[in-house]
Amino acid sequence: LELSRGLRLALDYNQFFLEFQPQVDRKGALVGAEALIRWSHPELGLIPPNRFIPVAEETGLIIPIGDWVLRNACKQLQIWQTLSKAKHLTLSINVSSRQFAQSNFVEQIKACLNQYKIDPKRLELELTESMLVKDQNDVITKMLELSELGIQISLDDFGTGYSSLTYLKRMPIRQLKIDQSFVKDINMDLDSANLCDAIISLGHSLSLEVIAEGVETLDQFEYLAQRNCDLFQGYYFGKPSSADQLLKLIS
Ligand code: G
Ligand code: G
Ligand code: MN
Ligand code: NA
């Protein structure tokens, strides 16, 4: 209750900010980032999204907060587009189911891209499997509209949700994001390693890009790179940080 009152004020008082976590290719070159929201509360300090995103979803505040994230991601992409060393970078944002279910969701994305003159190919939307099973026709219609705009769709936390494979066939998804729970145990647990292998093979057989998240060690990176995983994200390459910090990774 306390949290939801604070959340309501957080937008007005500019208490949110974005951090950017690097995404790299097999050579370790920076190709993009995931935007992650942070809430800096005047009394409680930094409140992690795991605590306030569920509250925002329950109260409906996720709609204005999601707008804020989209807008600020576009602002960041606009800045990167003007820098020769950064104009190739993509930016992924996490979309919550309530946000995606809004009837004007695609319109809002389109308006934001236009306002900030963003190349749609630079913006990626991370959706979760649970969002895809609800109203499949609505989901597919929106996804088709988004991919016609040129926006890329990524399936976050892949392997932990419903993992119905029919939507991979029916929906214009471009990227699978291997959940960090599988990556975590890659070098300790054969099942986790095999699951990563299987997701990479599945993705590639459907011409999807595969990114591993939660990569914390060189061993994990080497294993996944050997298995032809395309992209990597995790503390081994960088924690979520400011945009300035992120650009320092470009050599
Ligand atoms: O950074 P981490 O603690 O940074 O994120 C925790 C959870 O919060 C993740 O599941 C992540 O997807 C979610 N999250 C982070 N930023 C956003 C955001 O901007 N929007 C939504 N809907 N979820 C987010
Ligand atoms: O659910 P989603 O994938 O959007 O959330 C990403 C979450 O994972 C964020 O909380 C982010 O801070 C966290 N994260 C990113 N890289 C690592 C990592 O290497 N190890 C761990 N344990 N968490 C990570
Ligand atoms: Mn994510
Ligand atoms: Na994830």
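Every chain is numbered on its own, with residues counted from 1 as its sequence reads. Each chain is given a letter, starting from A, and each ligand a number, starting from 1, according to the order in which they appear as written. Confidence filtering applies because this is a predicted model: local features only for residues at pLDDT of at least 70, side-chain atom pairs given and counted only at 80 or more, and all residues used for totals across whole chains, interfaces and linings.

Considerations on the overall build of the protein chain
Item 1. Along its length, the protein chain carries 12 helices and nine strands.
Item 2. Whereas a compact globule of 251 residues would reach a radius of gyration of roughly 18 Å, the protein chain reaches 18 Å, a difference of no more than 12%.
Item 3. Structurally, the protein chain occupies a C-alpha span of about 45 × 40 × 40 Å along its principal axes.
Item 4. Each residue is classed by its C-beta neighbour count within 10 Å, where at least 20 other C-beta atoms makes it buried, 12 or fewer makes it exposed, and intermediate counts make it partly exposed; the C-beta atoms are placed from backbone geometry. Looking at the protein chain as a whole, 34% of its 251 residues qualify as buried.
Item 5. Contact between two residues is assigned when their C-beta atoms, built from the backbone, lie within 7 Å. Excluding contacts between residues fewer than 6 apart, the proportion of contacts in the protein chain whose partners are at least 24 apart in sequence is 63%. Going along the chain from the N terminus, every DSSP run of H or I of four or more residues is numbered as a helix, and every run of E of two or more is numbered as a strand. For the radius of gyration, the atom set is restricted to C-alpha positions; the globular benchmark scales as 2.2 Å times the number of residues to the power 0.38.

Here's the deal with the nonpolar core
Item 1. The nonpolar core is taken to be a set of buried Ala, Val, Leu, Ile, Met, Phe, Trp, Tyr and Cys residues joined by way of C-beta atoms within 7 Å. Membership of the largest hydrophobic core comes to 60 residues, with the highest contact counts inside it found for Ala73, Ile178 and Phe232.
Item 2. Looking at this core, the element that brings in the most residues is helix H3 (residues 62-82), giving eight residues.
Item 3. If we ignore the near neighbours within four places in the chain, the residues touching Ile178 are Phe158, Gly159, Val183, Cys196, Ile199, Val210, Ala212 and Glu213.

A closer look at the site of ligand 2
Item 1. Using a C-beta atom placed from the backbone, a residue is scored as near a molecule or strand whenever that atom is within 6 Å of it. Taken together, the neighbourhood of ligand 2 is formed by 13 residues, with Asn94, Gly214, Glu216, Gly234 and Tyr235 sitting nearest.
Item 2. Gly is placed with the polar residues, together with every amino acid not listed as nonpolar (Ala, Val, Leu, Ile, Met, Phe, Trp, Tyr, Cys and Pro) or charged (Asp, Glu, Lys and Arg). Residue composition of the shell around ligand 2, by class: four nonpolar, five polar and four charged.

Side note on the site of ligand 1
Item 1. Taken together, Leu36, Ile37, Pro48, Pro49, Asn50, Ile53, Val69, Ile93, Asn94, Ser96 and Pro240 make up the full set of residues adjacent to ligand 1.
Item 2. The set of elements that each furnish at least two residues to the shell around ligand 1 consists of strand E2 (30-41), helix H2 (49-59) and strand E4 (90-94).
Item 3. The element that contributes the greatest number of residues to the shell around ligand 1 is H2, accounting for three residues.

Quick word on helix H10 (residues 190-205)
The α-helix winds at 3.6 residues per turn, so residues separated by three or four positions along the chain end up facing the same way.
Item 1. Helix length check: H10 (16 residues) gives 22 Å between terminal C-alpha atoms against 22 Å at 1.5 Å per residue, within 8%.
Item 2. Cys196, Ile199, Ile200 and Gly203 are the residues of H10 that are buried. One side of H10 carries all its buried residues, which in axial view fall inside an arc of 95°. Opposite its buried face, H10 presents the exposed residues Leu190, Asp191, Asn194 and Ser205, each directed more than 90 degrees away.
Item 3. One or two residues past the end of H10 sits Ser207, with phi positive at roughly 60°. One less than the number of residues in a helix, times 1.5 Å, gives the span that helix is expected to have. The arc in question is traced by the directions running from the helix axis to the C-beta atoms.

Describing the pairing of strand E7 (residues 175-178)
Item 1. Residues of E7 alternate between two faces, with Gln175 and Lys177 on one and Leu176 and Ile178 on the opposite face, all of them buried.
Item 2. Pairing of E7 with strand E8 (residues 209-212) involves four bridges; the strand directions are parallel. Paired with Leu176 across the strands is Val210, a residue of E8. By this definition, two strands are paired if DSSP reports at least two bridges between them.

Here's the deal with the packing of H3 against helix H5 (residues 105-116)
Item 1. Axis definition: a line fit to C-alpha positions, over the contact stretch in the case of helices; interaxial angles, taken between N-to-C directions, run 0 to 180 degrees. Orientation of H3 relative to H5, taken along the N-to-C sense of each, is 30°, at an axis distance of 10 Å. Classified by the interaxial angle, the pair formed by H3 and H5 is roughly parallel. Judged by the sense of rotation from one axis to the other, the crossing of H3 with H5 is right-handed. Counted together, Asp67, Leu70, Arg71, Cys74, Lys75, Leu77 and Gln78 of H3 and Gln108, Ile109, Cys112, Leu113 and Tyr116 of H5 form the full contact between these two elements.
Item 2. When the residues that make up the contact of H3 with H5 are grouped by side-chain class, the tally is seven nonpolar, two polar and three charged. Should an angle fall under 35 degrees it is called roughly parallel, over 145 degrees roughly antiparallel, and 65 to 115 degrees roughly perpendicular, with every other angle called oblique. Handedness of a crossing is defined here by the sense of rotation of the near helix relative to the far one, left-handed for an anticlockwise turn of less than a right angle and right-handed for a clockwise turn.

Some words on the packing of helix H1 (residues 2-12) against H2
Item 1. Taken N-terminus to C-terminus, the directions of H1 and H2 make an angle of 80°; their axes are 10 Å apart at the nearest point. The orientation of H1 with respect to H2, classified from their angle, is roughly perpendicular. For the pair H1 and H2, the contacting residues are Leu3, Ser4 and Leu7 in the first and Phe52, Val55, Ala56 and Thr59 in the second.
Item 2. Among the residues forming the contact of H1 with H2, the class breakdown is five nonpolar, two polar and no charged.

Things to note about the environment of Arg227
Item 1. The topology assignment puts Arg227 in the loop between helix H11 (218-226) and strand E9 (231-233).
Item 2. Arg227 gets classed as partly exposed once you count the C-beta atoms within 10 Å, which come to 17.
Item 3. Arg227 sits 158 residues away from Val69 along the chain, and the two C-alpha atoms are 34 Å apart.
Item 4. In this view, Arg227 contacts Cys196, Asp197 and Ile200; residues no more than four positions away in its chain are not counted.

What about the environment of Lys75?
Item 1. Locating Lys75 in the fold gives a position in helix H3.
Item 2. Linking Lys75 and Leu113, residues 38 residues apart in sequence, is a C-alpha distance of 9.6 Å.

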